Amino acid sequence: MQSFRLNNGINLPAIGYGTWQAADEILEVALNEALETGYRHIDTAAAYFNEQVIGKVLHEWISSGKVTREELFITTKLPFHANRERSVEKYLLQSLEKLKLDYVDLYLIHAPFGLIEGDEFFPKDKNGKVIMDPDTDHETLWKGMEAQVDAGRTKAIGLSNFNIKQMEAILSSARIPPAALQSELHLHFQQKEIVEFCKSKNIQVISYSSLGTPGTMKSFGKNIPSILEDEEVQKISHKHNKTPAQIILRFLVQKHIAVIPKSTNPKRIRENFEITDFKLDKNDLEKLTSLDKGLKGQLLLFHDHFPGIEKHPQYPYPL
């Protein structure tokens with residue numbers, strides 16, 4: 001398994017298993033399949049509401065001796081409504097209890113904006129708009145994240161969905177620099193500026209929605225052409241006798257970007273993992289790089305799903 005070394009010296013497997021929008025029995029079966037295939041990097045979040053299922057499967061694998069804890073790389077994330085220093089420990093402890101683990105390998109701030117803390121993960125007012133905490137302070141929040149490394153509850157800490165300006169603010173006062181940034185990144189939204197910035201700061205980029213999440217877009221009522229059906233992707237797929245998904249994932253990994261594709265289909269789970277036995281050539285890379293659409297290619301906009309969040313002072317995307 002190819003891996004990337006994080007800035008704290010630990011290795012992140014280049015290919016992980018994503019679990020967003022997967023839960024209950026379906027996820028349990030799929031995660032067992034992923035582990036049997038060889039995945040050791042598992043990505044989840046408190047906001048995915050599936051940590052308990054993942055914890056059950058991991059506990060079975062570890063207790064049976066099929067895998068050791070040290071062989072696994074587990075990522076989870078601080079929920080949106082916990083984006084304040086005093087809340088970090090509480091929610092990481094909750095995640096650890098559900099995951100049946102003593103520590104995670106990577107703990108991320110899920111988003112740069114905060115919501116009010118209460119019984120709901122995504123609190124909304126009577127008009128259906130999310131109730132924001134406009135006082136989100138990244139520098140003090142990061143101190144709460146650093147304290148979790150000190151306490152041994154996570155080996156590394158990082159960010160998700162942050163922009164360059166927000167990352168610079170954290171780096172300016174960080175005692176422990178962010179080890180990784182997880183962000184939407186695929187052929188149509190290659191985030192070249194952010195990738196270069198992270199490279200210059202030794203922050204590992206992890207791509208989510210690497211394949212364009214065609215199923216997710218459809219469920220959100222968006223009829224967007226699938227990246228997998230792109231003509232250039234199809235040509236390169238035939239050239240290498242690989243699936244379009246394998247071509248796209250290989251492209252990202254060759255660019256030193258980790259991937260966490262999600263599937264519950266056993267065949268695709270295996271195919272997504274099998275991308276290390278071939279290499280894209282210079283011509284392939286140039287053609288795939290040319291498919292970038294910049295901001296027009298972005299699919300997952302928080303303000304589409306959390307009305308009103310675009311007014312938060314820390315909303316990361318241009319409107």
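Numbering of residues starts from 1 in each chain and follows the order in which that chain's sequence is written. Selection of residues for local features in this predicted model requires a pLDDT of at least 70, selection of side-chain atom pairs for listing and counting requires 80 or more, and totals for whole chains, interfaces and linings are taken over all residues. Calculated side-chain values reflect all of the structure's heavy atoms, with hydrogen atoms and water omitted.

An unreviewed UniProt entry lists the protein chain under the name NADP-dependent oxidoreductase domain-containing protein, from Parthenolecanium corni. UniProt positions are given in the numbering used here, feature names are shortened, and annotations may be inferred rather than shown by experiment. If you open the UniProt record of the protein chain and go to Sequence similarities (unreviewed entry), you find "Belongs to the aldo/keto reductase family."

Participant: So, the pattern of salt bridges: which residues are in play, and what are the values?
Facilitator: One speaks of a salt bridge when a side-chain nitrogen belonging to Lys or Arg is within 4 Å of a carboxyl oxygen belonging to Asp or Glu. Per the counting criterion, the structure on display carries 18 salt bridges. The salt bridge partner of lysine 56 is glutamate 28, with a shortest N-O separation of 2.7 Å. Pair noted here: lysine 56 is in helix H2 (residues 51-63) and glutamate 28 is in helix H1 (residues 24-37), with a separation of 28 residues, a long-range link. By relative accessible area, which is 35% here, lysine 56 ends up partly exposed. Using a 1.4 Å probe on the protein chains alone, a residue whose accessible area is under 20% of its type maximum counts as buried, one over 50% counts as exposed, and one in between counts as partly exposed. Of the residues examined, glutamate 28 reaches a relative accessible area of 23% and is grouped as partly exposed. Among the salt bridges present, the one from lysine 90 reaches glutamate 117, with a minimum N-O distance of 3.4 Å. Taken together, the residues span a long stretch of sequence, with lysine 90 in helix H3 (residues 88-99) and glutamate 117 in the loop between strand S7 (114-115) and strand S8 (132-133) at a distance of 27 residues. Each helix is a run of H or I in the DSSP string that is no shorter than four residues. Each strand is a run of E no shorter than two, and both are numbered from the N terminus.

Participant: Tell me what's going on with the nonpolar core, and back it up with residues and numbers.
Facilitator: Here, the term nonpolar core denotes a set of buried Ala, Val, Leu, Ile, Met, Phe, Trp, Tyr and Cys residues that are joined through side-chain atoms within 4.5 Å. Ranked by size, the top nonpolar core spans 97 residues in total, and within it Tyr17, Tyr107, Leu288 and Phe302 carry the most contacts. Of all the elements, helix H9 (residues 244-254) adds the most residues to this core, at seven residues. The contact criterion used throughout is that any non-hydrogen atoms of two residues lie within 4.5 Å. If we skip the residues at most four places from it in the chain, tyrosine 107 touches Thr76, Lys77, Leu78, Pro79, Val88, Tyr91, Leu92, Met145, Thr154, Ala156, Ile157 and Gly158.

Participant: Tell me about the pairing of strand S10 (residues 180-184), and please be specific about residues and values.
Facilitator: In the case of a regular strand, side chains alternate between the two sheet surfaces. Among the five residues of S10, five are classified as buried, and the element is accordingly described as predominantly covered. If DSSP finds at least two bridges between two strands, the strands pair. In this structure, strand S9 (residues 154-160) lies alongside S10, joined through two bridges in parallel fashion. What sits directly across from leucine 159, in S10, is leucine 181. Seen with its strands pointing away from the viewer, a crossover is right-handed if its path from the first strand over the helix to the second goes clockwise. In the classification by handedness, the crossover that spans S9, the intervening helix H5 (residues 164-173) and the parallel S10 is right-handed. Relative to strand S11 (residues 204-208), S10 runs parallel, the two being bridged by five bridges. Considered in S11, the bridge of alanine 180 is made with glutamine 204.

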